[in-house]
Amino acid sequence: QVQLVESGGGWVPPGGSRRLSCVASGNFFSRCTIEWYRQAPGNQRELVALITVSNITFYEDPVKGRFTISRDDAKNTAYLQMNSLKPEDTAVYLCNAKNRVEGLDYWGQGTQVTVSS
């Protein structure tokens, strides 16, 4: 059974850091682009960052310079290092693994990150 499981969420004060992990079961991970999304209450789900199979990265403007996405294909794991966190970063963070050629599109359940004092 294919699974993506996020972890690492929790409470963090403004200016703090947090590292999220996304662990995949199954043999698809290394063939997928990995994307991190977030969804705050009342807001649409939005892309945060992505990393391709060739380790090319992309960041949306609100997180550029503060967040870093990475992957370890040997561990079937992707990471999102979040620094200089702001209250507006508060959201459920979700991991997605996608390969359009093979028709793969998997989502995790999400992990809550709360930034407040």
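Scroll up to find the structure this text is about.
Going along each chain's sequence as written, the residues are numbered from 1 onward. The predicted nature of this model means local features are confined to residues of pLDDT at least 70 and side-chain atom pairs, given and counted, to a pLDDT of 80 or more, with totals for whole chains, interfaces and linings taken over all residues. To obtain the side-chain values, all non-hydrogen atoms of the structure were used and water was disregarded.

This part takes up the pattern of salt bridges. Each reported salt bridge corresponds to a side-chain nitrogen of Lys or Arg within 4 Å of a carboxyl oxygen of Asp or Glu. Applying the stated criterion across every chain, the model contains seven salt bridges. Residue Asp89 is joined to Arg66 by a salt bridge in which the shortest nitrogen-to-oxygen separation is 2.7 Å. Within this pair, whereas Asp89 is found in the loop between strand E8 (77-82) and strand E9 (91-99), its partner Arg66 is found in the loop between strand E6 (57-59) and strand E7 (67-72), the two being separated by 23 residues in sequence. Just as Asp89 is buried, Arg66 falls in that class too. Through salt bridges with shared partners, a single network forms among Arg38, Glu46, Arg66 and Asp89. Where helices and strands are cited, they refer to DSSP runs of H or I of at least four residues and of E of at least two residues respectively, numbered from the N terminus. Using a 1.4 Å probe on the protein chains alone, a residue whose accessible area is under 20% of its type maximum counts as buried, one over 50% counts as exposed, and one in between counts as partly exposed.

Here the focus is the packing of aromatic side chains. Side-chain rings of Phe, Tyr and Trp, where Trp is taken by its six-membered ring, are said to pair if the distance between their centres is within 6.5 Å; with planes under 30 degrees apart they count as stacked, over 60 as edge-to-face, and otherwise as tilted. Applying the stated criterion to the full structure yields two aromatic pairs. Charge-over-ring placement is defined geometrically: NZ (Lys) or CZ (Arg) within 6 Å of the ring centre, and within 35 degrees of the ring normal. One cation-aromatic arrangement involves Arg45 over Trp107; the distance from NZ or CZ to the ring centre is 4.6 Å.

So, on to the state of the cysteines. In this description, a disulfide is simply a cysteine sulfur pair whose atoms lie within 2.5 Å. What the rule picks out here adds up to one disulfide. Here Cys22 engages in a disulfide with Cys95; their sulfurs sit 2.0 Å apart. Because the sign of the S-S torsion sets the handedness, a value of about -75° for the bond joining Cys22 and Cys95 places this disulfide among the left-handed ones. You can see Cys22 sitting in strand E3 (residues 18-25) and its partner Cys95 sitting in strand E9, a full 73 residues away along the chain. Given a relative accessible area of 0%, Cys95 falls into the buried group. Left unpaired, Cys32 is separated from the closest cysteine sulfur, that of Cys95, by 9.7 Å. Cys32 sits in the buried class, given a relative accessible area of 0%.

Attention now goes to the pairing of strand E5 (residues 46-51). Direction of pairing for strand E4 (residues 33-39) relative to E5: antiparallel, over a ladder of five bridges. Directly across from Arg38, in E5, lies its bridge partner Glu46. Paired strands, as defined in this entry, are two strands with at least two bridges between them according to DSSP. A loop of six residues connects E4 with E5, the two strands running antiparallel in sequence, and Gly42 in this loop sits at a positive phi of about 80°. Relative to E6, E5 runs antiparallel, the two being bridged by three bridges. Bridged to Ile51 within E6 is Thr57.

In this section: the sheet that holds E8. Read across the open sheet, the four strands follow the order E1-E3-E8-E7; overall the sheet is antiparallel. Whereas interior strands pair on both sides, the edge strands pair on one side only; in this sheet they are strand E1 (3-7) and E7. Across the sheet, the axes of successive neighbouring strands diverge by a mean angle of 15°, strand direction being ignored. Across five bridges, the pairing between E1 and E3 is antiparallel. All axes here are fitted lines through C-alpha atoms, helices being fitted over the stretch that makes contact, and every angle between N-to-C directions spans 0 to 180 degrees.

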